[in-house]
Amino acid sequence: MIQLTDLTYDYNAGRDDAIHALKGVNLTIKPGELVALLGHNGSGKSTLAKVLAAVYMPTSGRVEVNGVTLTEDSAYDIRRQVGLVFQRPDDQLVANRVIDDIAFGPENLGMPREQIEARVQAILASLGLSALANSQISSLSGGERQRVAIAGVLAMQPACLILDEPTTMIAPPLARNLLRLAHELRDNHGVSVIHITHFMHEVVDFDRIIVMDGGNVFMDGTPQDVFLRANELRQVGLDVPLVTRLGAQLMHHGITIPQPVLTPNQLRDALVPLPRQDIGVTRPLQPTDQPPQRTHDTIIAIDNVHFTYMQGTPMASVGLSGATCQIGKGEIVALLGGTQAGKSTLIECINGLRKPQHGTITVDGKEIFAKGYDIGALRDRIGIVFQQPETQLFEETVGKDVSFSPRRRGLPPEQSRAIVEECLTAVGLDYQTFRLRYVYALSGGQKRRVAIAGVLASQPEVLILDEPVAGLDPRGRTELANLIARLTKERNLTVILVGNTIDELAELADRAIVMHEGRVVDQGTLRELLNDADMLHGIGLELSETAEIARVLRQHISDMPTNLLHVDELRDVIVQRYGTTQGGTHVA
Amino acid sequence: MSLEFSRNVTFGQYIDIRSAVHNLDPRTKMICAAVIMACAFMTRGLISIAPLFALAIIVQLATRIPIGYTLRGYRLLFRTMLFFVPFQVLFYQAIPGVEMHYYWRWWILSVSYEGILGGIFTLSRVIVLYHSINTLMFTTTMMDLSDGAEIMMDPLKKLKFPVNEFVMTMTIALKFVPLLITELERLMRAQIARGVRFDQGSVIARTRKLVPVLIPLFVNALSRAEILIVAMNARCYRGGEGRTKRRTMHATARDVIAGVIVLLFGGLGAYIGRTMGI
C-alpha cells in the first residue's frame, strides 16, 4: 500500500526560480493494482514517479510505503520497495552480463549468496530470460534489454514497479510485449505497476487511470470512467483512444453500442449481433484521393543489394539480402517495415555511408560506388535526417548549427544567412527569435526542428527522413507530421519517409515500399497495400489505428474493407452497414 | 568508408563462445597471462621464445576463436612493427664474441644475419605479449576480470583503498566503451551525410572536423551518466560496504592443468633464455 498525503515537490526549492512540480498530491495505490499515469509534458507525472521511488525527497507532505514513511534515513527501504524502470534500458544496466545485472540489486542489499542465486534464477525463469542468462547485454535486442532492466528491479522484490515512459522510444510490437509483461507482473508477482505513458490505447485494460495536470491529480478512475469524459481530457491536451471516439460517433449516427468502446475487439463484439445490410465489398469512399499519376524519371535505382554488418567477424549479421527498388524524381515514397527490416541500412547505402558487398546503387544512371564517382557531391544532393537527430546537434546556437552546411560549402555570408532564415522559417521557427538561442536550452521537439533545418540548409534534391516522429509525445508527433506534410508539398523535393507504422506520414506518400528481412516485399499505394492488411500485420508493420480497427472488424464482418486511411471513412463504412434511419452518408 | 570501428578494433572485445579457455577461473587466466609475460621478458633469442610461441598457438586453438579474427586485431601491431623492426635490423649492435655475418654495411648501418634474427625475435616477443593480453580479453568478461581484480586487490583494503568502488568505476567505464563507439559511429555518419570528409585535409583540419562529433558525444555521455547515477541509487547501491556477491570463483582441476601447461612452456623458454642466452 502506497499512501501520498499533501505531497509537494519543488525544483530549486526555496529559491526565486523554484518550480512547483507537485502541488499537494493525495493518492493511495493498493497492492497489485495496475495503474496508468497520464499527462502531457510538465504535468508532474515523472516527478511524482521519482518521489515515489525515493530518488527525490518531497518538499513537504508524506510518502508512506507499506507502513514506512519516507525520510532521509528510510530512503533505501523505500527504494527497495518501489522499483523504477527508465525510458532507455542502456542507462540503467550496470553489468555486462544478464545474470550479473539482475544480481546487482540483491547484492547491494547484502543478501547471502545462495539467496541471491535462487532469487535471480526465479526471476530469469519467470521473465523467460533463462536462455539468455549468460549472454552479453550488448548482444541483446532492445526489447530483451528492457526485459533485463525490469528483471533487475524485480529482483529486489519490490511492492511496486514504476515504468517511466518505457514505450516512447521503442517500436510498437516491443511496446505491446512490455504491456503484456506489466499485466503478468500484476497477475503472477502481485506487485502494483505504475505505467507512465502518453499513449491512450495502451492503458484501456488497466485497473485504474490517473491523469495529472499542473502538478495535481486531474482525474482518477477506471478506463471506463476516464474515457467517457473526452471533453475534459481534451482540456488538458490528451485524447481518448481512436476507437472510443469512433464508438461515440457511431452512437451519434444511431448505432446503439455500449459506451465507451475501448478496444477494436469490443467494437467488433458490439457490432456483430446488430442487424446488418449486406452491401458487398465497396471501394474506398474518396475517389478523389487516387495518387497523381505522374511519370517519374528514376533518380535512385537499387538493384539486388546485399549488406552484412561486421562481415568476417563472429558478430556478423545480415542487414540487406537482395533489396531492389526505384525512386522516381520528385516522388514522395514511404519506406515501411518492422524492426530489422533493413530500412535504415538501405538509406545509409543510398548515401554511400555503407558499401554493399553485392549489388549496385545508381543515382541518375551513375553507379555511386564506381571509381572516380564524386561521393561528396552525392551527399550534398541527398540529405538524411537520421533517427533522433536532436542528439547530433553540436553548435552552441541555433543559427550556427543550421548554417553549418552553407559555411562548409564556403557560401558568402549574406547567402548563408538567407538560407538559414529560409530553412528555419520552413520548420516553423522564427529566424529572429531562434537565431541566437542556445541549442541545449531548447525543448526536444524544437531541437528536432533545428536538426531538420540543418539538413535542409544543405539544399538537397532528395530528402530522407528516418522515423522523424519517433520518440515524441502525441502532440509533438502531430505537429511534426503537419510540418513535414507542408515541407513535402511546398518544396520540389524527392522525399523518402522511413517508418514502421502506416501513420499520417506514410499517407503523404505517392507510393509505399514495404521491406521485410532485408528485401523489398511489396510496393504500391497505401490503399493497395492495405487491401492485404493481414500480410502487413504479419511482417511486423504497424497499421494505423483506423486500419487496425478495420482489420479486426473484418474477422467477423466479411465484406469490411481494410483499405481505409481516415477514421471518417471507417465510420461511413460502418454506418452504411449498420445505420438504420440515415439516408445518405456524408463524406467528411 | 563503412564506419564499423568495432569491426576492425578487436582489442578488448569479449567473444561470446564457451571454450575451455573461456571456462577457466579468471584469476587463473590473469595469473597465466602475467606468467607468460614475465617469461617472455626472460627469453633471449628465437630458441627460447619458441616454447612461448608454441604455447600461444595452443592457446589460440583452445579458445576456438577464428584465427582470421584474431589476426585482424594484429593489423595495427604489424603496421607499427613494420616501422620499428627495420630500425632494429639496421642499427643492430654486434655482441662481443659473436661473429657477425654482414650482407651490407655502411657507416653505423648494417644488414646482418644476426640483425635479421634479432628483428624477428623482437617481433615474436611482441606477438607473444600482445597475444596473452588479447586472449585474456577475448575470453574473459569484464565482470569476471573485475571480480578477479577485486579479489587480487583484496590486500589493498587493509590500506583503506576503496577496492570495490575502484573496480565498479572501471567496470562501468568499460561498459560505456561499446555504447560510446556506437554513438561515435552514428554521429560521424550524420556528419558525413552532411558532407564532412574525415579522410581529407591536414592533421589539424581533420582534428577540427572531430569537434562537431565530440561535443554531442560528451553531452550525450554526461546525460547518460546522470541517469545511471539515479538508476544505481534507485537500485540501492551504497558502495562496497555491506555488499555481497552472487558469484564465487572456484579453481578446478582444469585451472591446475592450465597453470601447469603455462608454467611448463613458459618456464622452458625462460630457462633456455636465462641459462643459454639464445
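Just so it is clear, the structure is predicted and the values come from calculations on it, not from any experiment.

K.L.:
I'd love a proper account of the domain arrangement of chain A, names of residues and values included.
P.N.:
Residues and elements named next belong to chain A. Along its sequence, chain A is organised into domain 1 (2-235), domain 2 (242-287 + 547-578) and domain 3 (298-524). Taking only C-alpha atoms, the centre of domain 1 and the centre of domain 3 are 35 Å apart. Listed as interface residues are nine residues of domain 1 and, on the opposing side, eight residues of domain 3. Partitioned by chemical class, the residues of the side of domain 1 that touches domain 3 number five nonpolar, four polar and no charged.

K.L.:
Lay out the domain arrangement of chain B in plain terms, naming residues and giving numbers.
P.N.:
Residue and element names in this part refer to chain B. Looking at chain B, the domain boundaries give domain 1 (5-159 + 250-276) and domain 2 (163-239). With centres defined by C-alpha atoms, the gap from domain 1 to domain 2 works out at 31 Å. The interface is formed by eleven residues belonging to domain 1 together with ten residues belonging to domain 2. Of all the secondary-structure elements, those providing two or more residues to the side of domain 1 that touches domain 2 are helix 1 (5-8) and helix 7 (142-152).

K.L.:
I'd like to hear about the interface of chain A and chain B, residue by residue, with values.
P.N.:
On the chain B side, the residues contacting the 57 residues of chain A number 48 residues. For the side of chain A that touches chain B, the secondary-structure elements that each account for two or more residues are helix 2 (75-81), helix 3 (98-108), helix 4 (113-126), helix 12 (375-381) and helix 14 (404-408) of chain A. A class-by-class count of the residues in the side of chain A that touches chain B yields 24 nonpolar, 18 polar and 15 charged.

K.L.:
If you had to explain the nonpolar core to someone new, which residues and values would you point to?
P.N.:
The tendency in soluble globular proteins is for nonpolar side chains to be buried side by side. Ranked by size, the top nonpolar core spans 186 residues in total, and within it Ile 102, Ala 151, Ile 162, Ala 453, Ile 464 and Leu 497 of chain A carry the most contacts. Leave out the neighbours within four places in its chain, and Leu 497 of chain A touches Ala 334, Leu 335, Leu 465, Leu 505, Ala 506, Leu 508 and Ala 509 of chain A. Core analysis: the next-biggest nonpolar cluster, separate from the first, contains 19 residues, Leu 24, Ala 40, Leu 55 and Ala 56 of chain B among them.

K.L.:
So what's going on with helix 18 (residues 474-490) of chain A? Residues and values would help.
P.N.:
An α-helical turn contains 3.6 residues, so a residue and the one three or four places further along point in the same direction. Residues and elements named next belong to chain A. Over its 17 residues, helix 18 extends 24 Å from the first C-alpha to the last, a length consistent with the 24 Å expected when each residue adds 1.5 Å. Along helix 18, the residues classified as buried are Leu 480, Ile 484 and Thr 488. Along the axis of helix 18, the buried positions cluster into a sector of 75 degrees, meaning they face one direction only. Of the exposed residues in helix 18, the ones pointing more than 90 degrees away from its buried face are Asn 482, Lys 489 and Glu 490. The elements touched by buried residues of helix 18 are strand 13 (332-336), helix 17 (444-456), strand 17 (462-466) and strand 18 (494-499).

K.L.:
Go over the environment of Leu 37 of chain A, please, and point to the residues and values.
P.N.:
Residue and element names in this part refer to chain A. Position of Leu 37 relative to the elements: it lies in strand 3 (residues 34-38). Taking the number of C-beta atoms within 10 Å as the measure of exposure, Leu 37 has 27 and is therefore buried. Along the chain, Leu 37 and Ala 506 lie 469 residues apart, while their C-alpha atoms are 30 Å from each other.

K.L.:
Can you lay out the packing of helix 3 of chain A against helix 4 of chain A for me, pointing to particular residues and giving the numbers?
P.N.:
Residue and element names in this part refer to chain A. Axis separation between helix 3 and helix 4 bottoms out at 10 Å; the angle between their running directions is 130 degrees. Our classification of the angle between helix 3 and helix 4 gives oblique. Here helix 3 and helix 4 pass one another in a crossing that is right-handed. Seen from helix 3, the contacting residues are Ile 99, Ile 102, Ala 103, Pro 106 and Glu 107; seen from helix 4, they are Ile 116, Arg 119, Val 120, Ile 123 and Leu 124. Counted by class, the contact of helix 3 with helix 4 contains eight nonpolar, no polar and two charged residues.

K.L.:
Please provide a residue-by-residue account of the sheet that holds strand 11 (residues 298-309) of chain A, values included.
P.N.:
Residue and element names in this part refer to chain A. Spatial strand order, 12-11-14-15: four strands in an open sheet with antiparallel pairing. What marks the edges here is a single partner per strand, and that holds for strand 12 (317-328) and strand 15 (366-367). Both strand 11 and strand 12 contribute to a ladder of nine bridges, which runs antiparallel. In the strand pairing of strand 12, Ile 302 is matched with Cys 325.

Rules behind the numbers
Residues numbered from 1 in each chain as written. Chains lettered and ligands numbered in written order. Predicted model: local features only at pLDDT ≥ 70, side-chain atom pairs only at ≥ 80, totals over all residues. Domains from an automatic or database assignment. Contact = placed C-beta atoms within 7 Å. Nonpolar A, V, L, I, M, F, W, Y, C, P; charged D, E, K, R; others polar. Helix = DSSP H or I, 4+ residues; strand = E, 2+ residues; numbered from the N terminus. Core = buried A, V, L, I, M, F, W, Y, C linked by C-beta atoms within 7 Å. Buried ≥ 20, exposed ≤ 12 C-beta atoms within 10 Å, placed from the backbone. Expected span 1.5 Å × (residues − 1). Arc of directions from axis to C-beta. Axes fitted to C-alpha atoms, helices over the stretch in contact; angles between N-to-C directions. Parallel < 35°, antiparallel > 145°, perpendicular 65-115°, else oblique. Left-handed = near helix turned anticlockwise from the far one by under 90°. Pairing = 2+ DSSP bridges.

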